[in-house]
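# Structural overview
Next come the chains, spelled out residue by residue.
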Amino acid sequence: MFRAGGTLYRQVNHTYRSDYDLLMSSGLHDELAGQGLIVAHRDVTTAVEFPKTGGYKVIQPEEVPLISYPYEWCFSQLQDAALATLNIQLVAMRHGLTLKDASAYNIQFRQGRPVLIDTLSFEKYVEGEPWVAYRQYCQHFLAPLALMAHTDVRLLQLMRVYIDGIPLDLAGRLLPLKTRLKPLLAAHLHLHARSQRRYSDQPGQAKGRRLSRFALDGLLSGLAAATKSLRWRPAGTEWGEYYSFTNYTEGSFDEKKQLIGDFLDQAKPSRVCDLGANTGLFSRLASDQGVDTMAFDIDPAAVEKGYRQVKAQSQTHLLPLVLDLTNPSPGLGWANREREPFVERARADMVLALALIHHLAIANNLPFGRVAEFMGQLADWLIIEFVPKDDSQVQKLLASRQDIFSDYSQERFEAEFGRHYDIKQRRPLKDSRRVLYLMKSKRS
Amino acid sequence: MHLFVAYLDPGSGSLIIQVVVGSAAGVIFLFRNSFRQGIQLVKGLLAKSSANSAK
C-alpha cells in the first residue's frame, strides 16, 4: 500500500499475477463488489508509477472513511464480520478461488456493513486442498465470539493482546464446560486446540492430507452454523439503559438536541468523533445529515444497541465502537505500526463530548487542561457539555468518595479549556445547570 | 503450557483437525442434502398425483 498525492494505491507484484488475473477474469471481484462485500478498485497501472520493483499492476481501492479494529467492535459487529468472511469464501469458491486469510483486520465497516478491504486475499482453489485460513477464522472470529457469548463480553479485549487472534488453548480454558457439549464448538475450538498441541512439533504430519470439495463445503457450513448459533443480549450494564436514568426533563433534552443541531450547522463538519456516545442518540444528529460519525463508548451493551439501530434503520454514516477513553487503543503490532492508535484514526473536524467531562475529571481524576489538550488533538471544533458539581449525576460519582475536586467548577473549566480553544457559544440548558459550549481550537 | 504452539506451530494441528471435522461435516451435509432432496421429490410426486386425480 502507498499514498501518492493523498490517494491510496496498492502495488500488485508479478508474484501474485496469476491469482490477480483470475480474481478479475473469473468475475469474483465484480460479484463481490456488486454485493458490497469487497472494496472495489480501479486499475491505474498506466497512470501511476510503481513505487517498488517487481510490480505488475497498480490499483486504486475505494477508501473506507472510518478505520476500526476488532477489539473496538461489539458482539454483533464481530459476528457480522465473521459471517461476511464465510460468505466471501463461499462466493470465491464458486469462482474457483479461495480466501488465503481470514483475518478480522481485513474487514472494515462501510455504510454500516462489513466489507473486505484486502483485495489480494484470494488465491486459486485447488481441489483437495484444506482451507489455509481455517485456523485464523477460529482464532479471529469463532473463539472471541464464543468467549463473548458464553463467558464475558469484555473478553474481546484479548484481541488487543493477541494480534493474530485468541489462542485456542487459552479460549478453551476460559470457556465454560458446557461448550464442550456443543458439537460445533467442541470440534472447532476444543478439539482444534488439542490438535494444535498434539501436532505443534510435528510439521510433517499435515503433508498430503486432503479435504474434498464436499467436505470443505460441510466445514464452511458448520462454521457458519457455529457462528450464527452464538448469541449475546445486551442487558444489565451501566450504560445500556443510560437514557432511562438521566436527569434531563423532556424540555431540556429537546433543547439540547436543538442546540447541538445549531452548533453542527455552524461548524459544518464533514467528520465527527463522538466520545462517550452511549447508543449514539446525539451522534445521529450529525450522521443523519450525511456526516461520517464515529460513536465511541466504553460500554459494549450501549455500542451493541447502537449498532443494532444502525442495521435496523440502514444508517450509512454512523459507526458505533467500543473504547475506554482513559486507555484508548494504542499502536499495535510490529514496531507499534501495524495497527494505528486511536488518536490517528479518530481525527475529525469536530469532537462531541456530551455529559462526559465529569466522568473524566471526577471519576478518573483527569485535569481539565489534559482533557482539553487531548480533545484538541482530535479535532478543531468541540461541542462539550459542562456538568456542574451539584448535578445529581456528579453527586452520584461523589457519593462513594471524598470530594477532593475543589477545582471542579465552571470558571476553572472555561479557564483551562480557554487555553486551547476559543469559546464561540455558551448556552445553558433549560431546567438544568448544565451548559453546552461550542469551541474552536486556537491552532486552527 | 505448550510453548510450541506460540512459537513454532506450523499449522499442522489446524489442518489435520480441519480434515477430520470437514469430513464428518461433509457426511452430515451429504445426508442432509440427500434428505432434503428426498423430501422435495416426495412432495413433487404427491403434488403430481393430486393434480392427476383432480383431472
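What you are looking at is a predicted structure, and each value in this text was computed from that prediction instead of being measured. (Residues numbered from 1 in each chain as written. Chains lettered and ligands numbered in written order. Predicted model: local features only at pLDDT ≥ 70, side-chain atom pairs only at ≥ 80, totals over all residues.)

## Topic: the overall build of chain B
How we decide: Helix numbers and strand numbers start at the N terminus; a helix is a DSSP run of H or I with at least 4 residues, a strand a run of E with at least 2. Exposed residues have 12 or fewer other C-beta atoms within 10 Å of their own C-beta, buried residues have 20 or more, and residues in between are partly exposed; the C-beta atoms are placed from the backbone.
A tally of regular secondary structure across chain B gives two helices and zero strands. Sorting the 55 residues of chain B into buried and exposed places 24% on the buried side.

## Concerning the sheet that holds strand β3 (residues 41-43) of chain A
Residues and elements named next belong to chain A. This is how the line gets drawn: At least two DSSP bridges between two strands are required for those strands to pair. Axes here mean lines fitted to C-alpha atoms, for a helix over just the part in contact, with angles spanning 0 to 180 degrees between N-to-C directions.
Here four strands make up an open sheet; going across it, the order is β1-β2-β4-β3 and the pairing antiparallel. The open sheet is flanked by β1 (2-4) and β3, the only strands paired with a single partner. Each strand axis lies, on average, 40° off the axis of its neighbour in the sheet, ignoring direction. Pairing geometry for β1 and strand β2 (residues 7-13), over three bridges, is antiparallel. The residue bridging Arg3 from the neighbouring strand is Leu8, located in β2.

## Quick look at the pairing of strand β4 (residues 55-61) of chain A
All names here are of chain A. Strand direction decides the pairing type here: β2 and β4, joined by four bridges, are antiparallel. Across the sheet, Val12 pairs through a bridge with Lys57, a residue of β4. Sheet analysis places β3 next to β4, joined by three bridges and oriented antiparallel. Bridge pairing links His41 to Pro61 in β4.

## Some words on the sheet that holds strand β13 (residues 381-386) of chain A
Residues and elements named next belong to chain A. What counts is decided by this rule: For every residue pair, C-beta atoms are placed from the backbone, and the pair is scored as a contact if these atoms sit within 7 Å.
Read from one edge of the open sheet, seven strands run β11-β10-β9-β12-β13-β15-β14, paired in mixed fashion. The outermost strands of the open sheet, each flanked by one partner alone, are β11 (318-322) and β14 (421-428). Here the average twist between neighbouring strands, direction ignored, is 20°. Sheet contacts for helix α9 (residues 250-267): β12 (350-353), β13, β14 and β15 (435-441); angle to β15, the most-contacted strand, approximately 15°. Where helix α14 (residues 368-378) meets the sheet, its contacts fall on β9 (271-275), β12, β13, β14 and β15, and the angle it forms with β12 comes to roughly 140°.

## Side note on unusual backbone geometry
Residue and element names in this part refer to chain A. Of note in this structure, Gln111 is not a glycine but carries a positive phi near 50°. With respect to the element layout, Gln111 can be found in the loop between β6 (107-110) and β7 (113-116). Of note in the backbone geometry, Ala355 takes a positive phi value of approximately 50° without being a glycine. Tracing the sequence through the fold places Ala355 in the loop between β12 and α13 (357-363).

## Some words on the environment of Lys424(A)
All names here are of chain A. Within the fold, Lys424 resides in strand β14. What makes Lys424 partly exposed here is the crowd of 14 C-beta atoms within 10 Å. For Lys424 and Val64, which are 360 residues apart along the polypeptide, the C-alpha to C-alpha distance reads 32 Å. Residues contacting Lys424, with those up to four places away along its chain left out, are Leu438, Met439 and Lys440.

## Details of the environment of Gly290(A)
Along the polypeptide, Gly290(A) turns up in the loop between α10 (283-287) and β10 (292-297). Placed 208 residues apart in sequence, Gly290(A) and Ala82(A) show a C-alpha to C-alpha distance of 27 Å.

## A few points about the interface of chain B and chain A
Our working definition: Residues are grouped as follows: Ala, Val, Leu, Ile, Met, Phe, Trp, Tyr, Cys and Pro are nonpolar; Asp, Glu, Lys and Arg are charged; every other residue, Gly included, is polar.
Listed by partner, the interface residues are 23 residues for chain B and 32 residues for chain A. Elements with a contribution of two residues or more to the side of chain B that touches chain A: α1 (3-7) and α2 (12-54) of chain B. Looking at the side of chain B that touches chain A element by element, the count peaks at 16 residues for α2(B). Grouping the constituent residues of the side of chain B that touches chain A by class yields 13 nonpolar, nine polar and one charged.

## Section: the nonpolar core
Residues and elements named next belong to chain A. What counts here: The term nonpolar core refers to a group of buried residues, namely Ala, Val, Leu, Ile, Met, Phe, Trp, Tyr and Cys, whose C-beta atoms join them within 7 Å. Segmentation of the chain into domains, including their bounds, is taken from an automatic or database domain assignment.
The biggest cluster of nonpolar side chains holds 131 residues, and the ones touching the most others in it are Leu142, Ala146, Leu189, Met350, Val351, Ala353 and Leu382. In terms of residues, this core owes the most to one element, helix α4 (residues 134-150), which gives ten residues. When residues of this core are assigned to domains, at least three map to each of domain 1 (66-229) and domain 2 (242-441). Contact partners of Ala146, with chain neighbours within four places excluded, come to Ala171, Leu175, Thr179, Leu185, Leu189 and Leu230.

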